[in-house]
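The lines below spell out each chain.
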Amino acid sequence: MENNNTPLLLIVDDSRMSRMLIRAIITDMRPSWRIIEASTGDESVKLTDEHLPDFVSMDVNMPGISGLEAAGRIRIRHPEIKIVLCTANIQESTREAASKVGIHFVPKPITAATIGDAVAFFES
């Protein structure tokens, strides 16, 4: 973590629109937070190693490795990072897999309420 006073959030989603929406809502809720973005699971693992974000918002279905796989790799390397799965994939198996590795689940569509839930988890 680069600076404890200003949390760093990594937003991971293959949809540019989803990343923009999450960024806009977070910026409105927490204007001091720094934000970086990745469009693939592989890129998220690389950026996490380079920047050590405090929090990660992770989509599940993306090209290359899935968000669950990427989150698992991040969790092994950096267990202190809080991860939220922000996904339309709301199957019980996805929720259970996330829960088993300490990852919070937030369903899409992305709204101020769902992002508020993620922020509450990050700050808990």
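Residues numbered from 1 in each chain as written. Predicted model: local features only at pLDDT ≥ 70, side-chain atom pairs only at ≥ 80, totals over all residues. Heavy atoms only, no water.

**Observations regarding the overall build of the chain**
No. 1: Regarding its fold elements, the chain presents 5 helices and 5 strands.
No. 2: Reading the chain from its N end, one meets helices and strands in the order β-α-β-α-β-α-β-α-β-α.
No. 3: Computed over its C-alpha atoms, the radius of gyration of the chain comes to 13 Å, within 12% of the 14 Å expected for a compact globule of 124 residues.
No. 4: Its C-alpha atoms give the chain principal-axis dimensions of about 35 × 30 × 25 Å.
No. 5: Taking all 124 residues of the chain together, 44% fall into the buried category.
No. 6: Pairs at least 24 apart in sequence give 66% of the contacts found in the chain among residues at least 6 apart.
No. 7: A total of about 6,100 Å² of accessible surface is found on the chain, and carbon and sulfur atoms cover 55% of it.
No. 8: Taking the 13 positively charged and 17 negatively charged side chains of the chain as two groups, their mean positions are separated by 0 Å. (Helix = DSSP H or I, 4+ residues; strand = E, 2+ residues; numbered from the N terminus. Rg over C-alpha atoms; globule rule 2.2 N^0.38 Å. Buried < 20%, exposed > 50% of the residue type's maximum accessible area, 1.4 Å probe, protein only. Contact = heavy atoms within 4.5 Å. Areas by Shrake-Rupley, 256 points an atom, 1.4 Å probe, with all protein chains shown as cover. Lys, Arg positive; Asp, Glu negative; His and termini not counted. Charge placed at Lys NZ, Arg CZ, Asp CG, Glu CD.)

**Concerning the side chain of His78**
No. 1: Within the element layout of this structure, His78 appears in the loop between helix 3 (67-77) and strand 4 (82-87).
No. 2: Residue classification places His78 among the buried positions, given a relative accessible area of 12%.

**Digging into the pattern of salt bridges**
No. 1: Summed over the entire model, instances satisfying the criterion amount to 8 salt bridges.
No. 2: Here Lys46 and Glu50 are joined by a salt bridge, their closest N and O atoms 3.0 Å apart. With Lys46 and Glu50 both in helix 2 (residues 41-51), this residue pair falls 4 residues apart, about one helical turn.
No. 3: Overall, the relative accessible area of 52% leaves Lys46 in the exposed class.
No. 4: Its relative accessible area of 47% is what places Glu50 among the partly exposed residues. (Salt bridge = Lys/Arg side-chain N within 4 Å of Asp/Glu carboxyl O.)

**A look at the sheet that holds strand 5 (residues 104-107)**
No. 1: Taken in spatial order, the 5 strands line up as 2-1-3-4-5 in an open sheet, and their pairing is parallel. In this open sheet, the two strands that pair with only one neighbour each are strand 2 (34-38) and strand 5. Across this sheet, the average inter-strand angle for adjacent strands is 20°, counted without regard to direction. (Pairing = 2+ DSSP bridges. Axes fitted to C-alpha atoms, helices over the stretch in contact; angles between N-to-C directions.)

**Some words on unusual backbone geometry**
No. 1: In this model, Lys108 is joined to Pro109 through a cis peptide bond whose omega is 10°.
No. 2: In this structure, Leu52 is a non-glycine residue whose phi angle is positive, near 45°.
No. 3: Relative to the elements of secondary structure, Leu52 occurs in the loop between helix 2 and strand 3 (55-58).

**Remarks on the nonpolar core**
Looking at soluble globular proteins, one finds that nonpolar side chains tend to be buried together.
No. 1: Counting residues in each nonpolar core, the largest one holds 21 residues, and the members touching the most others are Leu10, Val12, Val56, Met58, Ile83 and Leu85.
No. 2: Within the second largest apolar cluster, 16 residues are counted, among which are Ile11, Val106, Ile115 and Phe122. (Core = buried A, V, L, I, M, F, W, Y, C linked by side-chain atoms within 4.5 Å.)

**Notes on the packing of aromatic side chains**
No. 1: One pass over the structure, following the stated rule, counts 4 aromatic pairs.
No. 2: Measuring from centroid to centroid gives 5.0 Å for Trp33 and Phe55, while their planes differ by 35°, and the two rings are tilted. Of this pair, Trp33 sits in the loop between helix 1 (16-29) and strand 2 while Phe55 sits in strand 3, and the two are 22 residues apart along the sequence. Side by side, Trp33 and Phe55 carry an identical accessibility label, which is buried. (Phe/Tyr/Trp six-rings, centres within 6.5 Å; stacked < 30°, edge-to-face > 60°.)

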